[in-house]
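# Descriptive structure summary
The chain contents come next:
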Amino acid sequence: MTDPRFHFAIADAANTCLDPTAALDFVSDPAFGGIAIFVGRIRDHNLGRVVTGISYDLFDPLCLNRFTEFAARAEREVGPRLKLYVAHAKGRLRIGDIAVVVAAGTPHRDEAFRACRLAIEAVKHEAPIWKREHYVDGSSEWSEGCSLCEDQRAHEAHVHDAHCDHGHGA
Amino acid sequence: MTDPRFHFAIADAANTCLDPTAALDFVSDPAFGGIAIFVGRIRDHNLGRVVTGISYDLFDPLCLNRFTEFAARAEREVGPRLKLYVAHAKGRLRIGDIAVVVAAGTPHRDEAFRACRLAIEAVKHEAPIWKREHYVDGSSEWSEGCSLCEDQRAHEAHVHDAHCDHGHGA
Amino acid sequence: MTLTLKLFGAFRDLEPAGAVELELPDEATIAQARAAFAELAQARWGERFRPGLLAVSAFASEREILRDADAIGAARELALLPPVSGG
Amino acid sequence: MTLTLKLFGAFRDLEPAGAVELELPDEATIAQARAAFAELAQARWGERFRPGLLAVSAFASEREILRDADAIGAARELALLPPVSGG
């Protein structure tokens, strides 16, 4: 059932680095002229605090299933001539390490940008991934996040349209 | 006068391949969490014809000057916390070869996507670059393009808003 | 039935094993699992447990997010997902 | 004055050397250079020259695009840019 146009991966930071070149290669195709890639790196600050690293926790099987749903959504948005690559790191990362790579290849650039953007937004807001920030004083905190609770989301969409307007991540 | 945040290059296809990894490295920064990259490759068809390759002609000094203008425009759009990399190939390329790489690094992803998109659109529509498509039958043709003629552009903007809605490129 | 509930994010801090077991009636719903976890959490972790976090957390199988009205059915293991922050 | 006009894209096909020389009055404008090029092109290349392409082409220095009303000034070399198609 694996669709050869899509590649999804979770990379254990203890033994693997995410590889944007592999993403570029995967989504390349003789029929495709446009490739959009997003690379998310760990940055040295967040919400005014100095950050020294981030630990990611993931619920792997559901996460990979959601990536598949995001790809289906991207395909509905830009059509079937699409290759999509989504990889996310798991475990402890340092400043500058790559946390996420999303790449989309399509015949033309507009579709590539749209598919790439759609996928990274979904990874940030809708995938079972949790980020713990480590600070220079040795403390750490789980980031504020987006609720995946469908009942809650429906409620919040009713109250105000931004269920997830906090400042997490890149 | 060179701004260390910006890198612009024209790569002679006879001896250099464009390198997306160099673009990624250039726009990376400990303070930046979001990096958006566009890679334009030569695809095997255009407007229904089988393409075997493309030759690019550039007016190098003006082209590099325009890249500088595009960067200034991107900075006005997303602010000064921006690194931008723009490289375009010159000469004869084959299917799958990289014609253009644009990368933008910023603290957050929205600015990276916007700066990257702004820059590639400008490279496509406003830089002195010309594309000749080579077809499977051995013939070749210069692509339809976007007029850089300011008087003409003003006129066409008046007549209809799309001065450049032809199907060139990716 | 015994339901194993895997914990993630801030909930995992409460339980280094990364999972708790809930005793539930057969044909229980997610809402019942949610209530049972709240009771266990209050008893086991006291003030370290934040009911407000549970309220915005989702229950899920390995395949999908579940709603409070959904039946647990044949599942013997589910996951409790606090608000997410990938990327 | 003698102005060297560098040719690009489809215009370069007309002249493998990649440039032509135009004789212009001192203090000429871009509009006058455009007219002088049209005359030269008609004479030298006949029907291979497309006036419609010239009409949508821009004159430029190494630094900037020029408008028809601009003076050529001290420039001794400019470029003729047909519609562009980068990327």
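As a starting point, this report considers the structure included with it. (Residues numbered from 1 in each chain as written. Chains lettered and ligands numbered in written order. Predicted model: local features only at pLDDT ≥ 70, side-chain atom pairs only at ≥ 80, totals over all residues. Heavy atoms only, no water.)

## Points about the packing of helix H3 (residues 109–126) of chain A against helix H3 (residues 109–126) of chain B
Note the following rule: All axes here are fitted lines through C-alpha atoms, helices being fitted over the stretch that makes contact, and every angle between N-to-C directions spans 0 to 180 degrees. Helix numbers and strand numbers start at the N terminus; a helix is a DSSP run of H or I with at least 4 residues, a strand a run of E with at least 2. The labels follow the angle: roughly parallel below 35 degrees, roughly antiparallel above 145, roughly perpendicular from 65 to 115, and oblique for the rest. Throughout, a contact is declared for two residues whenever any of their heavy atoms are within 4.5 Å. Three classes are used: nonpolar for Ala, Val, Leu, Ile, Met, Phe, Trp, Tyr, Cys and Pro, charged for Asp, Glu, Lys and Arg, and polar for all others, with Gly counted as polar.
Put simply, H3(A) and H3(B) touch, their axes get as near as 12 Å, and they point 175 degrees apart. Here H3(B) runs roughly antiparallel to H3(A), going by the angle between their axes. In this structure, H3(A) uses Arg109(A), Asp110(A), Phe113(A), Cys116(A), Arg117(A), Ile120(A), Glu121(A), Lys124(A) and His125(A) to contact H3(B), whose residues at the interface are Arg109(B), Asp110(B), Phe113(B), Cys116(B), Arg117(B), Ile120(B), Glu121(B), Lys124(B) and His125(B). By residue class, the composition of the contact of H3(A) with H3(B) is 6 nonpolar, 2 polar and 10 charged.

## Topic: helix H1 (residues 20–27) of chain A
What counts here: With a 1.4 Å probe rolled over the protein chains alone, any residue whose accessible area is under 20% of its type maximum counts as buried; one over 50% counts as exposed, and the rest are partly exposed. Taken from the helix axis, the directions to the C-beta atoms give the arc we talk about. Pairs of N or O atoms are called polar contacts if they sit within 3.5 Å, as long as, within protein, a hydrogen donor faces a hydrogen acceptor (for residues adjacent in sequence, only side-chain-to-side-chain pairs).
Of the residues making up H1(A), those classed as buried are Pro20(A), Ala23(A), Leu24(A) and Val27(A). Considered in projection along H1(A), the buried side chains sweep an arc of 100 degrees and stay on one side of the axis. On the buried face of H1(A), the contacting elements are strand S2 (34–41), strand S5 (83–94) and strand S6 (98–106) of chain A together with helix H1 (20–27) and strand S2 (34–41) of chain B. Between the side-chain oxygen at the start of H1(A) and the backbone nitrogen of Thr21(A) there is a gap of 3.0 Å, and the oxygen is on Asp19(A).

## Some points on the interface of chain A and chain B
As a reminder of what qualifies: The term buried area refers to how much accessible surface (probe radius 1.4 Å) is lost by two components on association, counted for both of them together. A carboxyl oxygen of Asp or Glu within 4 Å of a side-chain nitrogen of Lys or Arg is what we treat as a salt bridge. When DSSP finds at least two bridges between two strands, those strands are taken to pair.
Between chain A and chain B, the residue contacts involve 36 residues of the former and 36 residues of the latter. Of the roughly 2900 Å² buried between chain A and chain B on both sides combined, carbon and sulfur atoms contribute 52%. In terms of surface lost to chain B, no three residues of chain A exceed Arg41(A), Arg109(A) and Phe113(A), which account for 25% of the buried area on that side. Linking chain A with chain B are 4 salt bridges, by the criterion used here. Across the pair Arg109(B) and Glu121(A) runs a salt bridge whose closest N-O atoms are separated by 2.8 Å. Taken together, chain A and chain B are joined by 16 residue pairs in polar contact (both at pLDDT 80 or more). Mapped by element, the contributors of at least two residues to the side of chain A that touches chain B are H1, S2 and H3 of chain A. The leading source of residues in the side of chain A that touches chain B is H3(A), at 9 residues. For the side of chain A that touches chain B, a count of residues per class yields 17 nonpolar, 9 polar and 10 charged. Two elements, S2(A) and S2(B), share 7 bridges in a ladder whose sense is antiparallel. Residue pairing for S2(B): Val39(A) is matched across the bridge by Ile35(B).

## Details of the nonpolar core
Condition: Among buried residues, the Ala, Val, Leu, Ile, Met, Phe, Trp, Tyr and Cys ones that are joined through side-chain atoms within 4.5 Å form a nonpolar core.
One finds Ile37(A), Phe67(A) and Ile37(B) to be the most contacted residues of the largest nonpolar core, which totals 97 residues. Setting aside residues no more than four positions away along its own chain, Ile37(A) makes contact with Leu24(A), Val101(A), Val102(A), Ala103(A), Cys116(A), Ile35(B), Ala36(B), Ile37(B) and Val39(B).

## As for the sheet that holds strand S1 (residues 2–7) of chain C
Residues and elements named next belong to chain C. Reading across from one edge, S2-S1-S5-S3-S4 is the order of the 5 strands in this open sheet, with mixed pairing throughout. Two strands close off the open sheet at either side, each with one partner strand: strand S2 (19–23) and strand S4 (65–66). Sitting on the sheet, helix H2 (residues 30–45) touches S1, S2, strand S3 (58–60), S4 and strand S5 (77–81), and the angle it makes with S2 is about 115 degrees.

## Here's the deal with the interface of chain D and chain B
With 27 residues of chain D at the interface, the matching set in chain B holds 34 residues. In this assembly, chain D packs against chain B so that about 2400 Å² is buried in total across both faces, 57% of it on carbon and sulfur atoms. Taken as a group, Val84(D), Ser85(D) and Gly87(D) account for 28% of the area that chain D buries against chain B, more than any other trio of residues on that side. Run the count over chain D and chain B and you get 3 salt bridges. In this structure, Asp57(B) and Arg12(D) form a salt bridge, with 2.7 Å as the shortest nitrogen-oxygen distance. At the junction of chain D and chain B, the tally comes to 15 residue pairs in polar contact (both at pLDDT 80 or more). Residues belonging to the side of chain D that touches chain B are distributed by class as follows: 12 nonpolar, 6 polar and 9 charged.

## What to know about the arrangement of the chains
The interface with the most contacts, out of 3 pairs of chains in contact, is the one formed by chains A and B. Of all C-alpha pairs spanning chain A and chain D, none lies closer than 9 Å, and the two are not in contact.

## A look at the pattern of salt bridges
All names here are of chain A. Applying the stated criterion across every chain, the model contains 38 salt bridges over all chains. A salt bridge links Arg 114 to Asp 110; its shortest N-O distance comes to 3.1 Å. Taken together, the positions of Arg 114 and Asp 110, both in helix H3 and 4 residues apart, correspond to about one turn of that helix. Take Arg 114: its relative accessible area is 31%, and that puts it in the partly exposed class. On the basis of relative accessibility, which here comes to 29%, the residue Asp 110 falls in the partly exposed class.

## Some thoughts on the relation of the copies chain A and chain B
Rules: Superposition of the copies was done by least squares, using only C-alpha atoms of residues whose pLDDT is at least 70 in both.
For these two chains of identical sequence, chain A goes onto chain B by a turn of 180 degrees and a shift of 0.0 Å along the axis, with RMSD 0.0 Å. Put plainly, the chains are arranged around a two-fold axis. Considering only C-alpha atoms, the part of chain A nearest the rotation axis is Ile37(A), at 2.5 Å. Interface overlap between copies: 100% of the residues of chain A at the interface are likewise at the interface in chain B, consistent with a symmetric, same-surface contact.

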